[in-house]
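Structural overview
Listed below, chain by chain, are the residues.
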Amino acid sequence: MQSTTENDLECIEIKKHFGSVRAVDDVSFDIPKGSFFSILGPSGCGKTTLMRMIAGFEQPNSGDIRIKGKSVIGTPPNRRNVKMVFQHLALFPMMNVYENIAYGLRCAGASKDVIRTKVHDVLARISLPDVANREISQLSGGQKQRIAIARCMVLDPDVLLLDEPLGALDLKLREAMKIELKLLQHQFDTTFVYITHDQSEALVMSDHVAIMDKGKFVQIGTPQELYHKPKAAFVAGFVGDTNRWAGRVTRVEDGAVEVETEAGLTMRGSVRGAGAPSVGDAVHVFVRPEFIKAEKSGADAQKIDAGHNVIEGKIDSILFNGANSRVLVRGRAGELIEADVVLTGGTEDLKPKDDVTLSWSAEQTMSFKV
Amino acid sequence: MMQKDIKRLSLYLLFAPFAMWITLLIILPHLGMFYISMREKVAPRVYEFGFDNYINFFNEPIYWNTLLRTGSMSLLVTVLALLLGFPIAYYIAKIAGNRTRGALFLMCLIPLWVSDLIRAFGWILLLRETGIISSSLQWAGLINTPIEFLYNDATVIVGLVYTVILFMIVPLVSTLDGMDDAMIEAGYNLGGNGPTVLRRIIIPYAMPGIVSGCIVVFMLTAGSYLTPILLGGKNSSWFTEQIYDQFITRYNWESGAAFGFVLLAFTSLVIWIGLKLSGQTLNSTVARS
Ligand SMILES: Nc1ncnc2c1ncn2[C@@H]1O[C@H](COP(=O)(O)OP(=O)(O)OP(=O)(O)O)[C@@H](O)[C@H]1O
Ligand SMILES: [Mg+2]
């Protein structure tokens, strides 16, 4: 098994159940050296369980975990070169910052001088050179975060596991730490496995993202692939904002379908995911708001491409959020559709109660067979 | 204005029972005792003030030997209670499931429902020459003649540990309970093995609980009377027995009171040294556990 040492971490058909709960069900993946890999899934899908198996706190019922090509099944947690940043950080409150970072080095039997240089070195790298003698309670949330990472990184791990480490921070700090984490990962050039249920964290930071649902990996890919080419309805609905309808297929032509939604809308869509639908099949249809163009009706009803879906509606409300502003449009059938718009603050802007024409291409109408 | 007065009045009313308890049961008796301890009997019904009673104590080796013996045995009991109580507390707080935890805690409390006296007699029933243990050993053919298990130091220590261990377990459970499991896992994850995690993480974290448990146990043991007397008999030489002797047998309240204060000073000194050695303050231990 020496052939695959390019990968820092490989999991092969891991299964874990607690009684009748299948927490992790047949999960396989491998993570190339030095990449930022995220596992994204809703609460309770088994992310923490998977991570605890990699760290060695739980034993999988079957399957294999390899770190740098070597199986670690049966290796106790303190002998695996996988370090973990816990959800609530788990810094040791009875030690100061220096002692917290030195703890792992002491366990490894490093000499006093080595410990001193390494601790000061890592503190400089996380740009907190002066906090060595502070108590843990004297640090801010973001500083604690970085100390928790430094405590692991000082040991040169093969893989660093992070279990929703930003969960306890407030929104502002979370945004800042996202970028910081990505930079730290570049700087240390270590494989990060990052667990989160926040899709924007996963999309912003990761090289690769695995979408997990009910103990299974639904899709693994780059953030762009997951966003633009979801392979399953779950992925399309979970990653990014989207309009979604349930409907039935009324016509099929190669690669494209015509769908009538439950509310009575008819639209043309492209077939995605597994299984070719035939007439009468139930499908889920997803259209992202940024692909829907909203224009005032009548003004100059022009140049809407032939293959496009077109709907007339009335603006229900405007959700102003700077560059990410959005309108909620109520269609004839009474359903609400979200569309991204540019609001310049001028008189030409869309206003509530305006009649609008929505249009989007069939290609961007992703339909998945149920 | 009214509101404020009412608030203040209710504060006084709430505080009154506590203040009364402190003054009537603790401060006044001690002041009285201290007053008595400073009196010297020069002739029947004639007293003088002075430290004679205290000087007497130090002049008589049997007295301070008894005190030292009581102190060292109490320390031994405290250490044994800690060594036995820590794994039990750890099991209750960290390993047992939620349901078993309650049951285990209750089981620790059960001995408290029976009075001290009855428990001590229970031990006597088991350990005396004609008691259950001796006779069953005879019956099993392991010994030929009945053995007296009572009236030796080992029995006194076992009996005392049994009586006080609960007061060690309770503060330990409550501090260990407050410890995040992730902290222990982090200890392993960063490369520590079992002993390292215990020594560097669990024990430092539990230190306030350990210290407060030890204080309570040491105080209770050094001041206990029934168990050493009943299980140790005449030669138990427990210091409280000396005090009792002065008060009741010799009717020498003056020196009895002085002995009481010597015991108080001695145990306070031991605890002060213990706190200094463990680097804790009384405040931190009381606040944390
Ligand atoms: N020790 C355990 N015993 C029994 N069931 C467990 C245990 N640990 C986890 N589970 C179950 O396994 C499933 C997955 O749990 P897990 O903690 O891995 O979820 P998660 O994806 O980390 O969720 P969250 O985002 O809320 O942290 C859940 O249904 C949970 O109830
Ligand atoms: Mg979790």
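Remember, predicted model here, so these are calculated numbers, not experimental data.

Observations regarding the sheet that holds strand β17 (residues 326-331) of chain A
Residues and elements named next belong to chain A.
- Strand order in this open sheet of five strands is β15-β19-β16-β17-β18, and the pairing throughout is antiparallel. In the strand order of this sheet, the two ends are held by β15 (293-296) and β18 (336-340), each with one partner. For this sheet, the mean inter-axis angle between neighbouring strands, taken without regard to orientation, is 45°.
- Looking at chain direction, strand β16 (residues 309-319) and β17 are connected through six bridges and run antiparallel. Residue pairing for β17: isoleucine 315 is matched across the bridge by valine 329.

Notes on the layout of surface pockets
All names here are of chain B.
- Approximately 440 Å³ is the volume found for the largest pocket.
- Along the wall of the largest pocket there are 19 residues; nearest its centre are His30, Ile243, Gly260, Phe261 and Leu263.
- When contributions to the lining of the largest pocket are tallied by element, the ones reaching two or more residues are α1 (2-37), α11 (239-249) and α12 (253-278).
- Per-element accounting of the lining of the largest pocket gives the leading share, seven residues, to α12.

Focus: the domain arrangement of chain A
- Taken domain by domain, chain A comprises domain 1 (7-228), domain 2 (233-287) and domain 3 (289-362).
- Taking the mean C-alpha position of each, domain 1 of chain A and domain 3 of chain A sit 43 Å from one another.

Quick notes on the pairing of strand β20 (residues 366-369) of chain A
Residue and element names in this part refer to chain A.
- In the sheet, strand β13 (residues 266-272) pairs with β20 via three bridges, with the strands oriented parallel. Bridging across to β20, serine 270 finds its partner in methionine 366.
- Of the strand pairs in this sheet, strand β14 (residues 282-287) and β20 are connected by four bridges, and their pairing is antiparallel. When the bridges of β20 are listed, phenylalanine 286 appears paired with methionine 366.

Parameters at a glance
- Residues numbered from 1 in each chain as written.
- Chains lettered and ligands numbered in written order.
- Predicted model: local features only at pLDDT ≥ 70, side-chain atom pairs only at ≥ 80, totals over all residues.
- Heavy atoms only, no water.
- Pairing = 2+ DSSP bridges.
- Helix = DSSP H or I, 4+ residues; strand = E, 2+ residues; numbered from the N terminus.
- Axes fitted to C-alpha atoms, helices over the stretch in contact; angles between N-to-C directions.
- 1 Å grid on protein atoms, 1.4 Å probe; cavity = no way out; pocket = protein on both sides within 12 Å on 5 of 7 lines; lining within 4 Å.
- Points joined across faces, edges and corners; volume = space filled by probe spheres on them.
- Domains from an automatic or database assignment.

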